[in-house]
Amino acid sequence: MEAMTEDGKGMCYGLQIHDWAKSLFPITRSLTGAGVRETLAFLSDKVQGGLEVDEVPSGSPAFDWTVPDEWTIRDAWVEDEHGNRVIDFQAHNLHIVGYSEPVDQWMDLEELQKHLYSLPEQPDAIPYVTSYYERRWGFCLTHNQREQLKPGRYRAVVDADLEPGVLNYGELVIPGDSEQEVLLSTYVCHPSMANNELSGPVVTTAIAQWLQSLPRRCYTYRIIFIPETIGSLVYLSRNVDHLKQRVVAGFNVTCIGDERAYSYLPSRAGDTVSDQAAKHVLHHIDPDCYRYTWLDRGSDERHYCAPGVDLPIATIMRSKYGEYPEYHTSLDDLNLVTPAGLEGGYWALRRALEVVENNVVPTVTVLGEPQLGKRGLYPNISTRGSTSATRVLMNLLTHCDGEHTLLDIADLIGQPMWELLPLVKQLEEHGLVSVRQAV
Amino acid sequence: MEAMTEDGKGMCYGLQIHDWAKSLFPITRSLTGAGVRETLAFLSDKVQGGLEVDEVPSGSPAFDWTVPDEWTIRDAWVEDEHGNRVIDFQAHNLHIVGYSEPVDQWMDLEELQKHLYSLPEQPDAIPYVTSYYERRWGFCLTHNQREQLKPGRYRAVVDADLEPGVLNYGELVIPGDSEQEVLLSTYVCHPSMANNELSGPVVTTAIAQWLQSLPRRCYTYRIIFIPETIGSLVYLSRNVDHLKQRVVAGFNVTCIGDERAYSYLPSRAGDTVSDQAAKHVLHHIDPDCYRYTWLDRGSDERHYCAPGVDLPIATIMRSKYGEYPEYHTSLDDLNLVTPAGLEGGYWALRRALEVVENNVVPTVTVLGEPQLGKRGLYPNISTRGSTSATRVLMNLLTHCDGEHTLLDIADLIGQPMWELLPLVKQLEEHGLVSVRQAV
Amino acid sequence: MEAMTEDGKGMCYGLQIHDWAKSLFPITRSLTGAGVRETLAFLSDKVQGGLEVDEVPSGSPAFDWTVPDEWTIRDAWVEDEHGNRVIDFQAHNLHIVGYSEPVDQWMDLEELQKHLYSLPEQPDAIPYVTSYYERRWGFCLTHNQREQLKPGRYRAVVDADLEPGVLNYGELVIPGDSEQEVLLSTYVCHPSMANNELSGPVVTTAIAQWLQSLPRRCYTYRIIFIPETIGSLVYLSRNVDHLKQRVVAGFNVTCIGDERAYSYLPSRAGDTVSDQAAKHVLHHIDPDCYRYTWLDRGSDERHYCAPGVDLPIATIMRSKYGEYPEYHTSLDDLNLVTPAGLEGGYWALRRALEVVENNVVPTVTVLGEPQLGKRGLYPNISTRGSTSATRVLMNLLTHCDGEHTLLDIADLIGQPMWELLPLVKQLEEHGLVSVRQAV
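It should be emphasised that the depicted structure is a prediction, and the values quoted were computed from it without experimental measurement.

A. Representation of the overall build of chain A within the structure. For chain A, the count of helices and strands is twelve helices and 18 strands. When the backbone C-alpha atoms are referred to their principal axes, chain A occupies close to 90 × 45 × 35 Å. A burial count over chain A gives 61% of its 439 residues as buried. By sequence separation, contacts in chain A at least 24 residues apart represent 80% of the contacts at least 6 residues apart.

So this is what it looks like as structure tokens:
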């Protein structure tokens, strides 16, 4: 992708982002608990002013939902009669079913099997299983591992607490000229998996750094790091009026770190500026990108775009959740998510935000086609054929009618919007166009 | 078609409807006369309260048209010099050209030929010919029969009256909660032919029985049995203001009894709820159904949808008039029209009416996606892939925004609307959606 | 094309138009100067009342542009040391770069080469080069000719004036019942080239004759013969308010004389009545015609349709400028442009104007389908199948709802609008429709 070398520095973001992911990968995250706090603390260090971390008590209502008890997992294993740990949380945190209740019990293999989860079609993968809203305990393991279990007695131990506590989330507001906001949401509730989910928070953090580095921003950027589903519901239930008044665009950031594909999932409305920006960017980055529909939704957009909430939130991904074989297994690791994959995801999201941020409405200031020649904007010798730079400039100008946004124009003339930005600036300097903000 | 066994009773309607058609088949119907009255009387017996049969005198104006004289046909034949009846109305009522004036005259074969109609390409078929608005007499016969006529003298006898009388039609109003109406129109003016037209009135009568069997109806249903063209013009001219104020949907019922195809013909506007319902139903019953355009019209929709009338009347058919080889010949009989064909036509029309009747606008009552799990609406274990019942429920819920009708939603999520009805009821019972009528 | 023999006279316009082109071909036209005036004088003789020729002084502003000095070219050549004219304006007026400044100078071949223009890929073609807004001088020649130049001394002579003078244009207003106008614009600034541009003014002149021959016109027709770009800018800058108030449709007439293709280039808005008419006509004349987009624009529509001007000007062409190999070379001559090519172009443009002129909104005067039979408009015997004349009449009638224009209806029923005109007249005579003007 050209964007990777935009400022001549090669892969300037991917390696850094991948390093962050490596640091965060081993942490045992869940909806609640120490892992979420540790993750938020790590990311907080990367942004100016840090994240504001909030906590919400278990039992708090969130629209139709309730904040669950806090889960603290210390250790978990299954040992055989000889004391060998045949399944061991210390080896991989996916071995424990998320939100397992405490247990310490001897049983036959037959009884144990009722608490085991494996994938016969992916015999080398440990599946990711949770049971947030129904109390149970269980262990996940590779199918190969499971088939080696011999009849006999086993002791299952889950050393955990599942008791009233808090749910945490982090928030960062980067002010802009306008009170209107762009919302970025990403989640921090999955244990050791890389595309879904670590790619989300680490790319979002790099985006936050970029936004903070800008001399000014048109919009205010609100970035939240939350546990999926219950976290977005909690956040929405506390801020829905504010968000409905302020948010003009936004993205849910998830599955944005592998190299295999680019994907777009629309908002429920399907035609918000976020959708237009995402489609525009992905079309120019990867014309073969996947375009999903609202029927394929599956993350927090379900709540952000729910009837009555109706925020303009679209999703730009690399390989979409549920659509790649490693999804929700131990195979979704930092070999799958690469520096190049993250770099590409970063740029796709950044381009989309640049599109939103710079989506002005330009108006040409003269009647008839301007005389570019007298301003040195028209070449002395023009070559027949191929869309030259001059042609792009003239195609841009001809649509500066005060009705089309720059993004509309970019789509009309088939150019990446970010390549039109310097032309608009040039035309402004020559007094040939004036601009106003789109929203 | 699955619909046939919907209530586990197999073909519960088709055999009954076919029996009615058998009873009515031999009657000599025309625009006017005893055959129409006999047909209306038979159908009147099948519905609660019977049909209200009205009569309109010959000479009455109907917009640009005038009710013609009443035609009474008693007998008609052509006999040769030996007194053999070589063409005989008693053998098949299609042998006489509809509205033939009385005659009793000897002539040469050459002269007779001017009054004969046959189909060289379909030598075994007696064609259906009428001459309502120009006085003539004539006989129809198979081309094989015609070719056996030998030179000689023939006597042509038409024992008929063609004199001022009345035009009859039948009407049934089945009241509903609303004064808004759904109009069904079908015609009773063709002699012994089955798909066009007997399938129309018999399927419509079965639909009337079903509507009367419902504990309540949202809309009022107005069902008329009329002679084609002049009948709909008469009815319209007497009721056009009422119909324009009240009718929100409706169908012209014709050619709905063979097994070979499903067909849709739009209203002139093309996007009424009748059109949307017809397209939705046929898409789910038969994705390969024929979709005609307004240019292919040819029945009473010409008047119902005429400029200034503009009723929302669409047409659901099996094989469309003019498009099947037996059309308007003696081959359009009760072998072509079958119990299974009628059953399918019945269900297509009933489904379309169910769609109109139940086209509520559902609104979800909570913000964010509802928690289905706590209501037992979400499975404990969900399988990857395939659109599960839960997924359908969630797809339904996500569009319950108070703006989309249930039919809109069904199209958005690719489900038959009638399969969503029990889900809406379930969601209402759980207090998760409220509904209002669409129109 | 059938249209050629419409009135049974065979190619009645093409030969005449081609003759005019032959007369005008040798004249050395440019943005300004005697050639423009000579051309306007010739065309002025062909229309009743003649053209009103206006003049605008050099230095006059025209929106963002300024009228250049007037160029008078008397002679120009390059001679070798023996006095042989190796390049000679007298042999072909394309040999001189348009707007060359005066020069008389000896130089080496190497220095001369900097002032020569040829086309290596088209070695037999003299290219067309101009330098209106930057002072230079130069010669154009075939590449074969150029390769025969031997090292040595050459004298370049341009006997020309380039001094303040005037820019000329011609105008013809043909009044109609309405003050609303249809604008035709064509240009007269190219030296000896036939498709681009002589086809434009000669076809436009034939169209003017036709318009003047009509007993009455609904619209007023404004026809201007201008130098391209600066001429349309001058005209617009002097009349923009008038034009924006009055012009309801119009065409830029260019490249309308060869036989190889029909082409359509839209207005910037893309959906004006001019666009609708052009697409309709070309669809029926040549279903394989080229449909360009606004991105392919390149003539005066750039100004007529510029933001803030927004006139409804579309373009109907044969082979489009820039898209045929002879474009802007000496090969674009009167072998390429033929009587048949001009005839076809004439008819395409005339049909489009007929469509605009006759684009009434018909309203049927009766409810329900009219009874055509009693008016002799319905055949006694109708044949199954094929769209008969009666079917066309009924398809027309069914859309006479007072909302669709005749052009809309023609598109809805797939008929050329000009074939519906006599039917509308017939229906008007029978009192079945009333009409009003569309705009």
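This is not the end of the story, as more comes after the structure.
B. Geometry of the interface of chain A and chain B. Facing the 22 residues of chain A at the interface are 22 residues of chain B. Here chain A packs against chain B, burying approximately 1900 Å² in sum over the two surfaces, 44% of which is carbon and sulfur. Our count for the contact surface shared by chain A and chain B stands at four salt bridges. A salt bridge links Asp64(A) to Lys374(B), with the nearest nitrogen and oxygen atoms 3.4 Å apart. Across the contact surface, chain A and chain B share 13 residue pairs in polar contact (both at pLDDT 80 or more). Residues of the side of chain A that touches chain B, tallied by class, amount to eleven nonpolar, four polar and seven charged.

C. Summary view of the relation of the copies chain A and chain C. With an RMSD of 0.1 Å, the operation that places chain A on chain C is a rotation of 120 degrees combined with a shift of 0.0 Å along the axis. With respect to symmetry, the two chain copies, as superposed, fit the operation of a three-fold axis. Closest approach to the rotation axis within chain A is made by the C-alpha atom of Asp271(A), at a distance of 13 Å.

D. Local environment of the sheet that holds strand β14 (residues 263-265) of chain A. All names here are of chain A. Strand order in the open sheet made by the eight strands is β1-β10-β12-β11-β13-β16-β14-β15, with mixed pairing throughout. Looking at strand neighbours, the two that pair on one side only are β1 (52-57) and β15 (290-291), the edges of this open sheet. Here β1 pairs with strand β10 (residues 166-174) via six bridges, running antiparallel. Residue pairing across strands places Asp 54 opposite Tyr 169, the latter belonging to β10. Most of the contacts of helix α2 (residues 34-44) go to β10, to which it runs at about 15 degrees, and overall it touches β1, β10 and β12 (220-226). Against the sheet, helix α7 (residues 273-285) makes contact with β13 (247-253), β14, β15 and β16 (313-317), and its axis sits at roughly 50 degrees relative to β13, the strand it touches most.

E. Inspection of unusual backbone geometry at higher detail. If you check the backbone angles, Asp310(A) has positive phi at about 55 degrees while not being a glycine. The exposure class assigned to Asp310(A) is partly exposed, which follows from its relative accessible area of 42%.

F. Broad picture of the interface of chain A and chain C. In this complex, chain A contributes 22 residues to the contact, which on the side of chain C involves 22 residues. Across the interface of chain A and chain C, roughly 1900 Å² is buried in total on both sides, 44% from carbon and sulfur atoms. The tally of links from chain A across to chain C stands at four salt bridges. The tally of links between chain A and chain C comes to 13 residue pairs in polar contact (both at pLDDT 80 or more).

G. Here's a closer look at the side chain of Arg297(B). Relative to the assigned elements, Arg297(B) resides in the loop between β15 (290-291) and α8 (301-304). Buried and unpaired, Arg297(B) has Glu369(C) as its nearest opposite-charge partner, separated by 4.6 Å. Of note is the side chain of Arg297(B), whose polar atom sits 2.7 Å from the side chain of Asn395(C). Every residue in contact with Arg297(B), bar those within four places of it in the chain, is listed here: Leu265(B), Arg302(B), Tyr321(B), Arg391(C), Met394(C), Asn395(C) and Thr398(C).

H. Inspection of the pairing of β16(A) at higher detail. All names here are of chain A. For β16, the buried fraction is high: five of the five residues fall into the buried class. Residue alternation in β16 divides its side chains into two sets, Ile 313, Thr 315 and Met 317 and Ala 314 and Ile 316, and both sets are buried. Inspection of the sheet shows β13 paired to β16 by three bridges, in the parallel sense. Following the sheet pairing, Asn 252 is matched in β16 by Thr 315. The pairing of β14 with β16 spans three bridges and is antiparallel.

I. Main features of the packing of aromatic side chains. Tallied over the entire structure, the rule returns 33 aromatic pairs over all chains. Geometrically, the ring pair formed by Tyr132(B) and Tyr133(B) is edge-to-face, given 6.3 Å between the ring centres and 80 degrees between the ring planes. Residue Tyr133(B) is classed as partly exposed on the basis of its relative accessible area, which comes to 39%. Linked through ring pairs, Trp65(A), Trp71(A), Tyr99(A), Tyr132(A) and Tyr133(A) together constitute an aromatic cluster. The ring of Trp77(A) carries Arg85(A) above its face, with NZ or CZ at 3.6 Å from the centroid.

J. A look at helix α5 (residues 194-213) of chain C. Residue and element names in this part refer to chain C. Under the 1.5 Å per step criterion, the end-to-end length of α5 is 27 Å for 20 residues, consistent within 8% with the ideal 28 Å. At Gly 200, α5 shows its maximal bend, which comes to roughly 25 degrees, and the proline Pro 201 appears one to four places after that position. Here α5 lies mainly inside the structure; 18 of its 20 residues are buried.

K. Main features of the packing of helix α10 (residues 389-398) of chain A against helix α12 (residues 417-429) of chain A. All names here are of chain A. The geometry of α10 relative to α12 is characterised by a closest axis approach of 11 Å and an angle of 70 degrees between their N-to-C directions. Between α10 and α12, the angle falls in the class roughly perpendicular. Counted together, Val 392, Leu 393, Leu 396 and Leu 397 of α10 and Leu 420, Leu 423, Val 424, Gln 426 and Leu 427 of α12 form the full contact between these two elements. Split into classes, the residues belonging to the contact of α10 with α12 amount to eight nonpolar, one polar and no charged.

L. Molecular detail of the sheet that holds strand β5 (residues 85-88) of chain A. All names here are of chain A. Read across the sheet, four strands follow the order β5-β4-β9-β6 without closing on themselves; strand pairing throughout is antiparallel. Of all the strands in the sheet, just β5 and β6 (103-108) have a single pairing partner and so form its edges. Looking at each pair of strands side by side, their axes are set apart by 15 degrees on average, direction ignored. Relative to β5, strand β4 (residues 70-80) runs antiparallel, the two sharing three bridges. Paired with Glu 79 across the strands is Arg 85, a residue of β5.

M. Main features of the packing of α5(C) against helix α9 (residues 339-357) of chain C. Residue and element names in this part refer to chain C. For the pair α5 and α9, interaxial distance at closest approach is 10 Å and the crossing angle is 50 degrees. As summarised for this structure, α5 and α9 are arranged oblique, according to the angle between their axes. For α5 against α9, the interelement crossing comes out right-handed. Residues Ser 199, Val 202, Val 203, Ala 206, Ile 207 and Trp 210 of α5 form the contact with α9, whose own contacting residues are Leu 342, Tyr 346, Leu 349, Arg 350, Leu 353 and Glu 354. Its residues assigned to classes, the contact of α5 with α9 comprises nine nonpolar, one polar and two charged.

N. Summary view of the pattern of salt bridges. In the structure shown here, the tally under the stated rule is 83 salt bridges over all chains. Across the salt bridge formed by Arg222(B) and Glu171(B), the nearest N and O atoms sit 2.6 Å from each other. Here the residue Arg222(B) occupies a position in strand β12 (residues 220-226), and Glu171(B) occupies one in strand β10 (residues 166-174), the gap between them amounting to 51 residues. We note a salt bridge from Asp54(C) to Arg238(C), for which the minimum N-O separation is 3.4 Å. Remark: Arg238(C) occurs in helix α6 (residues 230-246) and Asp54(C) occurs in strand β1 (residues 52-57); sequence separation between them is 184 residues. Judged by relative accessible area, which is 26%, Asp54(C) ranks as partly exposed.

O. Representation of the state of the cysteines in the model. One pass over the full model with this rule turns up zero disulfides over all chains. You can see Cys400(C) has no disulfide; the closest cysteine sulfur is in Cys305(B), sitting 16 Å from it. Classification of Cys400(C) by relative accessible area gives buried; the value is 1%.

P. Representation of the environment of Asn359(C). Residues and elements named next belong to chain C. Residue placement: Asn 359 occurs in the loop between α9 and β17 (360-364). Along the sequence, Asn 359 and Thr 405 sit 46 residues apart, while their C-alpha atoms lie 6.1 Å from each other. Once you skip the residues sitting within four places of it in the chain, Asn 359 turns out to touch Val 273, Thr 405, Leu 406, Leu 407, Met 417, Gln 437 and Ala 438. A distance of 3.3 Å separates a polar atom in the side chain of Asn 359 from a polar atom in the side chain of Thr 405.

Q. Spatial organisation of the environment of Leu198(C). All names here are of chain C. Mapped onto the elements, Leu 198 comes out in helix α5. It is 35 Å that separates the C-alpha atoms of Leu 198 and Thr 405, two residues lying 207 residues apart in sequence. Beyond its immediate sequence surroundings of up to four residues, Leu 198 is in contact with Ala 21, Leu 24, Phe 25, Arg 29 and Met 193.

Analysis parameters
- Starting from 1, residues in each chain are numbered consecutively following that chain's sequence as written.
- The order in which chains are written sets their letters, starting at A; the order in which ligands are written sets their numbers, starting at 1.
- Two thresholds apply to this predicted model, a pLDDT of at least 70 for residue-level local features and 80 or more for giving and counting side-chain atom pairs, whereas whole-chain, interface and lining totals are computed over all residues.
- Hydrogens and water molecules were not included; the side-chain quantities draw on all heavy atoms of the structure.
- Secondary structure counts use DSSP, requiring at least four H or I residues in a row for a helix and at least two E residues in a row for a strand, with both numbered from the N terminus.
- Per-residue accessibility, obtained with a 1.4 Å probe over protein chains only, is compared with the maximum for each type, and a residue is labelled buried under 20%, exposed over 50%, and partly exposed between these values.
- The contact rule is simple, with two residues in contact once any of their heavy atoms fall within 4.5 Å.
- In this description, buried area is defined as the sum, over both parts, of the accessible area (probe of 1.4 Å) that is lost when the two are combined.
- By definition here, a salt bridge exists when the distance from a side-chain nitrogen of Lys or Arg to a carboxyl oxygen of Asp or Glu is within 4 Å.
- Here a polar contact is recorded for every N or O atom pair within 3.5 Å, except that within protein the pair must consist of a potential hydrogen donor and a potential acceptor, and residues adjacent in sequence are included only if both atoms are side-chain atoms.
- In the scheme used here, Gly and all other residues not listed as nonpolar or charged are polar, with Ala, Val, Leu, Ile, Met, Phe, Trp, Tyr, Cys and Pro taken as nonpolar and Asp, Glu, Lys and Arg as charged.
- Here the copies are matched by least squares. The fit uses the C-alpha atoms of residues with pLDDT of at least 70 in both.
- Strand pairing is defined by DSSP finding a minimum of two bridges between the two strands.
- To obtain each axis, a line is fitted to C-alpha atoms, and for helices this fit is confined to the stretch in contact; angles are then taken between N-to-C directions over 0 to 180 degrees.
- His is not counted, nor are the chain ends, whereas Lys and Arg count as positive and Asp and Glu as negative.
- Any pair of Phe, Tyr and Trp rings, taking the six-membered ring for Trp, is counted once the centres come within 6.5 Å. Such a pair is stacked with planes under 30 degrees apart, edge-to-face with planes over 60 apart, and tilted for the rest.
- To sit over a ring, a charge needs its Lys NZ or Arg CZ within 6 Å of the ring centre and within 35 degrees of the ring normal.
- Take the number of residues in a helix, subtract one, and multiply by 1.5 Å to get its expected span.
- Note on bend: the value at a residue is the angle between axes fitted to the seven residues ending there and to the seven starting there.
- In what follows, roughly perpendicular refers to angles from 65 to 115 degrees, roughly parallel to angles under 35, roughly antiparallel to angles over 145, and oblique to any angle outside these ranges.
- Put simply, a crossing is left-handed when the front helix is turned counterclockwise from the back one by less than a right angle, and right-handed when it is turned clockwise.
- Put simply, a disulfide is two cysteine sulfurs that come within 2.5 Å.

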